[in-house]
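Here is how the chains run, residue by residue.
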Amino acid sequence: MKKIIISTTIIIVLILTVIIGYNIKIYSGTLVCTNTYEEDSVSFKTIYKVEYKKKYVTKLVSIETINTYDVTLLNDYKTNLEMMYLRFNEIPHYQNTISIKENTLTSKTIINYSKIDLDELIKVDSSFNEVIKNNKISITKLKEQYASTGALCKYKN
């Protein structure tokens, strides 16, 4: 009788461990999406690293790179990106930096979605409404949005 109780207890613990571990992987982790393409003599690459918990995004780090030997074109891209991100950078918990090193422009954006005011974000860009669910950024909707632009996405846990 004692062996049956011990065996049953071990089986229950193993089952619970598997179930809890599986749910943690589903509900929290990191989504990494990449998108690359070339146009004329310019190559573009974007990497999105999205941290999420309970199916909602907590933090996004995106790194966009533009490579070309045309310095004038890089400077034009830099000016355009600075103008585009100007209003976003006024929002607390939204940060964008842009730099040029040799023939590569790098734009890095960090958004702390667990602290940012979504209403302020929507005022600047109403397209954020498409990825909001329950007043939070949905990891599923964000992944769909990235995939619709040709990005390849993988969950990392």
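For clarity, every value in this text was computed on a predicted model and none was experimentally measured.

Asker: Is there a simple way to think about unusual backbone geometry in this case?
Answerer: In the Ramachandran plot, Lys-54 falls in the positive-phi region, its phi being about 55 degrees despite a non-glycine side chain. A positive phi is found at Asn-135, a non-glycine position, where the angle reads about 60 degrees. Position of Asn-135 among the secondary structure elements: in the loop between strand S6 (132–133) and strand S7 (136–137). Accessibility expressed as a relative area gives 59% for Asn-135, which makes it exposed.

Asker: Looking at this structure, I do not really get the packing of aromatic side chains. What am I missing?
Answerer: Overall, the coordinates contain 7 aromatic pairs when judged by the stated rule. A centroid spacing of 5.0 Å and a plane angle of 20 degrees characterise the contact between Phe-88 and Tyr-94, whose relative ring orientation is stacked. In terms of burial, Phe-88 and Tyr-94 fall into one category: buried. Aromatic pair Phe-88 and Phe-128: ring centres 6.4 Å apart, planes at 65 degrees, arrangement edge-to-face. Of this pair, Phe-88 sits in the loop between helix H2 (71–86) and strand S4 (94–101) while Phe-128 sits in the loop between helix H3 (118–124) and S6, and the two are 40 residues apart along the sequence. Look at Phe-88 and you get buried, because its relative accessible area is 8%. On the accessibility criterion, Phe-128 (15% relative accessible area) is buried. One aromatic cluster is present, formed by Tyr-85, Phe-88, Tyr-94 and Phe-128 through successive ring pairs. The lysine or arginine in question, Lys-136, covers the ring of Tyr-56, its NZ or CZ lying 5.2 Å from the ring centre.

Asker: Looking at this model, I keep getting lost on the pairing of strand S2 (residues 42–53). Mind explaining?
Answerer: The side chains of a regular strand alternate between the sheet's two faces. Where strand S1 (residues 28–39) lies against S2, 12 bridges are found, and the strand directions are antiparallel. Bridge pairing in S2 links Leu-31 to Val-50. Here S1 hands over to S2 after 2 residues, with Asp-40 in that stretch at a positive phi of 55 degrees. In terms of strand pairing, S2 meets strand S3 (residues 56–67) through 11 bridges, oriented antiparallel. The residue of S3 that forms the bridge with Ile-47 is Ile-63. Connecting S2 to the next strand, S3, in antiparallel fashion are 2 residues, including Lys-54 with a positive phi near 55 degrees.

Analysis parameters
Residues numbered from 1 in each chain as written. Predicted model: local features only at pLDDT ≥ 70, side-chain atom pairs only at ≥ 80, totals over all residues. Heavy atoms only, no water. Helix = DSSP H or I, 4+ residues; strand = E, 2+ residues; numbered from the N terminus. Buried < 20%, exposed > 50% of the residue type's maximum accessible area, 1.4 Å probe, protein only. Phe/Tyr/Trp six-rings, centres within 6.5 Å; stacked < 30°, edge-to-face > 60°. Lys NZ or Arg CZ within 6 Å of the ring centre and 35° of its normal. Pairing = 2+ DSSP bridges.

So, to be careful, I would describe these as geometric facts and stop short of saying anything about function.
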